[in-house]
Amino acid sequence: MANEHSPLLVHGVYSMMGNAEDSRGGSAGTGEASNSKSDPRKLNTFFGVMVPTILSMFSIVLFLRTGFVVGHAGLLHGLLMLLVAYFIISLTILSICAISTNGAVEGGGAYFMISRSLGPEFGGSIGLMFYLAKVCACGVYVLGLVEAIIDVFGQDPGSAVSQGVRVLPQGYWYTVLYSSVVLLLCMLVCLVGAHIYAKASFLILLVVTVSLISIIISPLILSPQRFNITHTYGNNHSVTVNPSYTGFNSTTLKNNLGPRYSLDYSTNTMMSFATVFAVMFTSCTGIMAGANMSGELKNPSESIPKGTIMAVAYTFTVYVLLYLLLSSTCDRSLLLNDYAVFQRVNVWPPFVTIGVYCASLSAAMCSMIGASRILHALALDQLFGLPLAPAAVTSSSGNPWVSVLYTWALVQCTLFAGQLNVIAGIVTVFYLLAYAAVDLACLALEWASAPNFRPTFQFFSWHTCLLGIISCLVMMFVINPVYSSASIVLLLLLLLFLHYRSPTSSWGYISQALIFHQVRKYLLMLDSRKDHVKFWRPQVLLMVSNPRSSCQLICFVNQLKKGGLFVLGHVQIGDLDVLPADPVQPQYNFWLSLVDKLGVKAFVDLTLSPSVRQGTQHLLRITGLGGMKPNTLVLGFYDNSYPEDYFLQDPVFCKGDRTEGDNFGVDLPSLQAHFPPVRHAESPRALQPQEYVSIIQDAIKMGKNICLARYFFQLPPESKGATYMWGKDSMDTIDVWPTNLLSPGSASYADVGSLFLLQMACVLNMASGWRRARLRIFVCVESESEDQGWLAKEEQFRELLGKLRIRAAIKIVAWDNVARMVRGPNTENQTVSEDFLCAVNGLLKEHSSTAAVRFLYLPDPPSSCELSQQYLTQLDTLTRDLGPTLLIHGVTPVTCTEL
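Per chain, residues are indexed from 1 in the order of the written sequence. Residue-level local features of this predicted model are given only where pLDDT is at least 70; pairs of side-chain atoms are given and counted only at 80 or more, and the full residue set underlies all totals for whole chains, interfaces and linings. Only heavy atoms go into the side-chain values, all of them from the structure, while hydrogens and water stay out.

Caption draft 1: The arrangement of unusual backbone geometry in detail. Even without glycine at this site, Lys562 takes up a positive phi of about 55°. A run of H or I in DSSP becomes a helix once it reaches four residues, and a run of E becomes a strand once it reaches two; helices and strands are each numbered from the N terminus. Structurally, Lys562 is set in the loop between helix H19 (551-560) and strand S6 (566-573). For Tyr711, which is not glycine, the phi torsion reads 65° and is therefore positive. Mapping Tyr711 onto the fold places it in the loop between strand S9 (705-710) and strand S10 (733-737).

This is how it looks when you write it as structure tokens:
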């Protein structure tokens, strides 16, 4: 084989064979180096995953909202919230570990994992939502840091004079100003690069750890004490409380067990389980901090699961310990009225102050770095087009500085909220939606049962994924139904936008794997032995020689299929024994692109055969699976006229965008060049009359209905699902002639062939593009016969149509003069005269000249091959200059009068 020794396919992941090329394929113009010397992947598990995750989860919430949670919720509700939050994130962590150990993870972290698992539409929309969550989280951390700074250095609300270090004026606009300065500092650090943050993160972790140790040992050193706390509401209203710190006390613990939801002094709103949980859950949103650093990790598939699990276990232990500590030592009033309770009850308050500043600044920078990496990955994948295109630009060291600027601008917008608790709910909802998407990605991979989904992390199942999705969605609506509904609506809008754009990707589509899995199961359930005539539908194999001359017929048959199978078949003449490779396989993309251009719902089946007849036999036998196999063969008409080139008529083909290709690399010039020009005077015919008639005979022998289509090039272009326009002057009827016109008196209107003819006409009339057309049925009678039996036949026919629920106008056509022209009593096709055929053709023109399409009875083909040319000549004379005509020979019962 030509590709037998090709290297392992990488598709954007590191080659397992030792290739040192850039794993992202080296986007031109991004400035990313592709050699191993400039490889930005330098971080190990501890520095790249554990430290960022711990710092993100130990952010402002640890120091400034732990007392808030315990004060409002109490110890029992607080621990319940903690267990629920960590249960949800633990389920998501299992999914993260499974996906990240199933292959190499590139930059973009959670976005990369979701998009490569669920495809561009879902991945891009969730990626953007996750990016917005990181943006809002960065705003939360910055506002929390400013809140901590004002708590130490802000002027006393009850005094207009600065006292000591309390020199910073307070107010909404001052808060925005301080936040903007802090955010500017974060942006400058991020512009320099993530390596500075990575180097400083360990030092920050040490500082935070020292702060935690001081908090834990302080109750062993400090004695009980009381405090004076003043809060100002509005311009003139202030409240002073005198809470106490009791040290370890059983009474204090007992009083703090239950909840006491009350007004939050910073927002002056009533707290509840949901609102407190929303604030508390913000501390759990850092589980993907390590995953978002995937572009800087040496071995992300190993580091992400190991580092994330250890970090989460560590933070959970610390939070439980702090909840127990606060509920045992602090009066409820102190917890409710002072966010900075850890500073008040610390052996040396600056320990906590420094810890707060370091943790908040670190979390803010981590969120900005993570968000910029996600935006950079979105820009590289070109999912949102021009608006995000500049975000793909990087510096010479690979730092996406434009993405950092984008992120800085959006975070600046969130700072106008002015209060941490205001945007905490938005952050929580966005994160929960992103976590649900990760669980969904893992669930889809598990349910698809793809052989290549074999993660080395095995501690998960579809039950944990499904439970994670449900938990995230339920908690979203518990926290804030309005934000949750809005976020889901935004997600759906992004999905529709990306689906409309149809972005090109080579990541694989999980939807295709799931569809394959389900279709295989349902095909096995579709038992052909249980078929019933009540539920019969056309399943059509249309043989196409050259689409340039057959597009109108392809679109017409698409209307005729009535939800059934529709297959475009093509036979390429050749012998595989003398060819170096199969010439058919490379053609599928061109045919499928043709199907896309025409907007028809059809499959494509191509074959290589020494003759068209043998190839058609192959396709009739093997096309389809199980109960979905063709029951009707449609052929173009065999005559001496030269076909017209449809590609020169339809604007889709002659005036379309000639430079933009589809998702699979087929552009318009390539599509046009692939299909040869239509047959002209000097072109030899590939099919002889005997072989054409033999194909008809073969189909009948194989129990397939047969349709011959003529003059369908006269139909207007119908690409991309357009419907026919009906009006006063248009051809607005479908005419049916259920009589064997070549054998007067021999046909019954209730035989299988006639009923199949009526059924196909009725099916066409039910199609969306033909519903406004009127169905007319022409009954040929010999009105001059003495017994007047034709009147009884007409009445029987009307009764039959009523039983078949076919709404049609019956037209009685007297053809006595035409019927007399048949020579002798023998009514075989071969004995009819030329004059008779011309007379029948004139009769059809007289009554059906204005019809949009005509359905005629196709007589049996001759058994002798010597009569093939004569048979085709008779059909040619019969249908000459009629307009779009379908000659139909039915062999299977298709109508039912029962309920």
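On we go from here.
Caption draft 2: Layout of empty space enclosed by the protein. Whether a set of points on the 1 Å grid over the protein atoms alone is a cavity depends on a 1.4 Å probe fitting there but being unable to get out, while an open set qualifies as a pocket with protein on both sides within 12 Å along at least five of seven lines; lining residues are those with an atom within 4 Å of a point. Grid points are joined across faces, edges and corners, and a volume is the space filled by probe spheres set on the points. A complete count under the given rule lists 1 cavity of 30 Å³ or more for this structure. For the largest cavity, the calculated volume is near 50 Å³. Forming the walls of the largest cavity are Ile215, Ser218, Pro219, Tyr245, Leu325, Leu326, Thr329, Cys330, Phe342 and Val345. At the level of secondary structure, the elements contributing two or more residues to the lining of the largest cavity comprise helix H7 (194-221) and helix H10 (300-329).

Caption draft 3: Just the nonpolar core, in detail. Judged by nonpolar contacts, the single largest core of 159 residues is most densely connected at Ile89, Met280, Ile287 and Met288. Sort the elements by how many residues they give to this core and helix H15 (residues 420-448) lands first, with 19 residues. Two residues form a contact once any of their heavy atoms are found within 4.5 Å. If near-sequence neighbours (up to four positions away) are discounted, Met280 is found in contact with Val61, Val69, Met81, Leu82, Ala85 and Tyr323. If you look at the next biggest cluster of nonpolar residues, it comprises 66 residues, including Leu668, Met760, Leu801 and Ile806. Remark: nonpolar core denotes a set of buried residues (Ala, Val, Leu, Ile, Met, Phe, Trp, Tyr, Cys) joined through side-chain atoms within 4.5 Å. The classification of residues rests on relative accessible area computed with a 1.4 Å probe and restricted to protein chains. Under 20% of the type maximum is buried, over 50% is exposed, and intermediate values are partly exposed.

Caption draft 4: The arrangement of the packing of helix H28 (residues 834-848) against helix H29 (residues 868-879) in detail. Here the axes come from fitting lines to C-alpha atoms, over the contacting stretch only for helices, and the angles between their N-to-C directions go from 0 to 180 degrees. Relative to each other, H28 and H29 sit at 35°, their axes nearing to 7 Å. Contacts from Glu834, Leu837, Cys838, Val840, Asn841 and Leu844 in H28 reach Gln874, Thr877, Leu878 and Thr879 in H29. Along the lines of polarity and charge, the residues of the contact of H28 with H29 split into 5 nonpolar, 4 polar and 1 charged. Residues were grouped as follows: Ala, Val, Leu, Ile, Met, Phe, Trp, Tyr, Cys and Pro as nonpolar; Asp, Glu, Lys and Arg as charged; and all remaining residues, including Gly, as polar.

Caption draft 5: Here's a closer look at the packing of helix H3 (residues 66-100) against helix H9 (residues 273-281). It is the contact of H3 with H9, at a shortest axis distance of 9 Å, that shows an interaxial angle of 60°. Along this stretch, H3 crosses H9, giving a crossing that reads as right-handed. Contact residues: Phe68, Val69, His72, Ala73, His77, Leu80, Met81, Leu82, Val84, Ala85 and Ile89 in H3; Phe273, Val276, Phe277, Val279, Met280 and Phe281 in H9. The residue makeup of the contact of H3 with H9, split by class, is 15 nonpolar, 2 polar and no charged. Two helices that cross are described as forming a left-handed crossing if the nearer one is turned anticlockwise from the farther one by less than a right angle, and a right-handed crossing if clockwise.

Everything listed here is a matter of geometry and, on its own, says nothing about what the molecule does.
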